[in-house]
Amino acid sequence: MRARVVIYNRQTQALLLIHRLKDGRDYWVVPGGGAKGQETPIETAIREVREELQIELTPKDLHPLFVLQEQECEVFFCAQSLQVTTPEISGEEQERSSLTNIYLPTWIKISQLPQLNLMPPQAKLKICEYFKN
């Protein structure tokens, strides 16, 4: 199981995503990652966002968005944030970073989302649909 959090700033109408440049590929992902042990999706989401972005969330901050069932189950949440500064990547992602494996947190305007190469594509469709309302 994997859990991801779409971090949304209502004031700026932007989402905090991670721009990935890996082995010549250029794409975007929603912050998150895999469960450890018997973690619940909420516990995984909170830990992953804290480890990757140093952003503290609580279970009350997370609102279920959707679940994707591909190779493995991916649970997507949404959390609102008042933060406008862009955090630095940290944790395992920082350790794995290199000139050919870049993790770059970036605030993206919701209006720009349809043009991004957001992975997986099914997540992009569902996120675009959610923020269309």
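The rules behind the values
Residues numbered from 1 in each chain as written. Predicted model: local features only at pLDDT ≥ 70, side-chain atom pairs only at ≥ 80, totals over all residues. Heavy atoms only, no water. Helix = DSSP H or I, 4+ residues; strand = E, 2+ residues; numbered from the N terminus. Rg over C-alpha atoms; globule rule 2.2 N^0.38 Å. Contact = heavy atoms within 4.5 Å. Areas by Shrake-Rupley, 256 points an atom, 1.4 Å probe, with all protein chains shown as cover. Lys, Arg positive; Asp, Glu negative; His and termini not counted. Charge placed at Lys NZ, Arg CZ, Asp CG, Glu CD. Buried < 20%, exposed > 50% of the residue type's maximum accessible area, 1.4 Å probe, protein only. Pairing = 2+ DSSP bridges. Phe/Tyr/Trp six-rings, centres within 6.5 Å; stacked < 30°, edge-to-face > 60°. Lys NZ or Arg CZ within 6 Å of the ring centre and 35° of its normal. Disulfide = S-S within 2.5 Å.

### Things to note about the overall build of the chain
Part 1 of the argument: Helices and strands together make up the secondary structure of the chain, namely three helices and seven strands.
Part 2 of the argument: Reading the chain from its N terminus to its C terminus gives the helix and strand order β-β-β-β-α-β-β-α-β-α.
Part 3 of the argument: For 133 residues, the compact-globule formula gives about 14 Å, and the C-alpha radius of gyration of the chain, at 14 Å, lands near that figure.
Part 4 of the argument: Each principal axis of the C-alpha atoms in the chain carries an extent, and together these give about 40 × 35 × 30 Å.
Part 5 of the argument: Contacts spanning at least 24 positions in sequence make up 64% of the contacts within the chain whose residues lie at least 6 apart.
Part 6 of the argument: Working note: accessible area of the chain is about 7500 Å², and carbon and sulfur atoms make up 53% of it.
Part 7 of the argument: Both charge centroids of the chain, one from 15 positive and one from 17 negative side chains, sit 5 Å from each other.

### Focus on the pairing of strand E1 (residues 2-9)
Part 1 of the argument: Of all the eight residues making up E1, seven are buried; the element is thus mostly covered by neighbouring parts of the structure.
Part 2 of the argument: Looking at chain direction, E1 and strand E4 (residues 32-34) are connected through three bridges and run antiparallel. For Arg 2, the partnering residue across the bridge sits in E4 and is Gly 34.
Part 3 of the argument: Bridge count between E1 and strand E6 (residues 73-80): seven bridges; the pairing is parallel. From the neighbouring strand, Val 6 faces E6, where its bridge partner is Cys 78.
Part 4 of the argument: The pairing of E1 with strand E2 (residues 14-22) spans three bridges and is antiparallel. Residue Tyr 8 lies in a different strand from E2, and its bridge partner there is Leu 15.

### Digging into the environment of Phe 77
Part 1 of the argument: Relative to the helices and strands, Phe 77 resides in strand E6.
Part 2 of the argument: By relative accessible area, Phe 77 is classed as buried at 5%.
Part 3 of the argument: Along the backbone, Phe 77 and Gln 115 are 38 residues apart, and their C-alpha atoms lie at a distance of 22 Å.
Part 4 of the argument: Excluding anything up to four places from it in sequence, Phe 77 contacts Ala 3, Arg 4, Val 5, Val 6, Pro 41, Ile 42, Ala 45, Leu 62, His 63, Pro 64 and Leu 65.

### A word on the packing of aromatic side chains
Part 1 of the argument: Under the defined criterion, the tally for this structure stands at three aromatic pairs.
Part 2 of the argument: Aromatic pair Tyr 8 and Phe 131: ring centres 4.9 Å apart, planes at 50 degrees, arrangement tilted. Note that Tyr 8 is positioned in strand E1 and Phe 131 in helix H3 (residues 121-132), a separation of 123 residues in sequence.
Part 3 of the argument: Note on Phe 131: relative accessible area 13%, which makes it buried.
Part 4 of the argument: With centroids separated by 4.9 Å and ring planes inclined at 85 degrees, the aromatic side chains of Tyr 130 and Phe 131 adopt a geometry described as edge-to-face.
Part 5 of the argument: A network of ring pairs unites the aromatic residues Tyr 8, Tyr 130 and Phe 131 as a single cluster.
Part 6 of the argument: Over the ring of Tyr 103 we find Arg 20; its NZ or CZ atom is 3.7 Å from the centre of that ring.
Part 7 of the argument: The ring of Tyr 27 carries the charged tip of Arg 25 above its face, separated from the ring centre by 4.4 Å.

### Quick word on the state of the cysteines
Part 1 of the argument: Inspection of every chain in the model, using the stated rule, returns zero disulfides.
Part 2 of the argument: With no disulfide of its own, Cys 73 has Cys 78 as its nearest cysteine by sulfur position, at a separation of 18 Å.
Part 3 of the argument: The exposure class of Cys 73 is partly exposed, given its relative accessible area of 22%.

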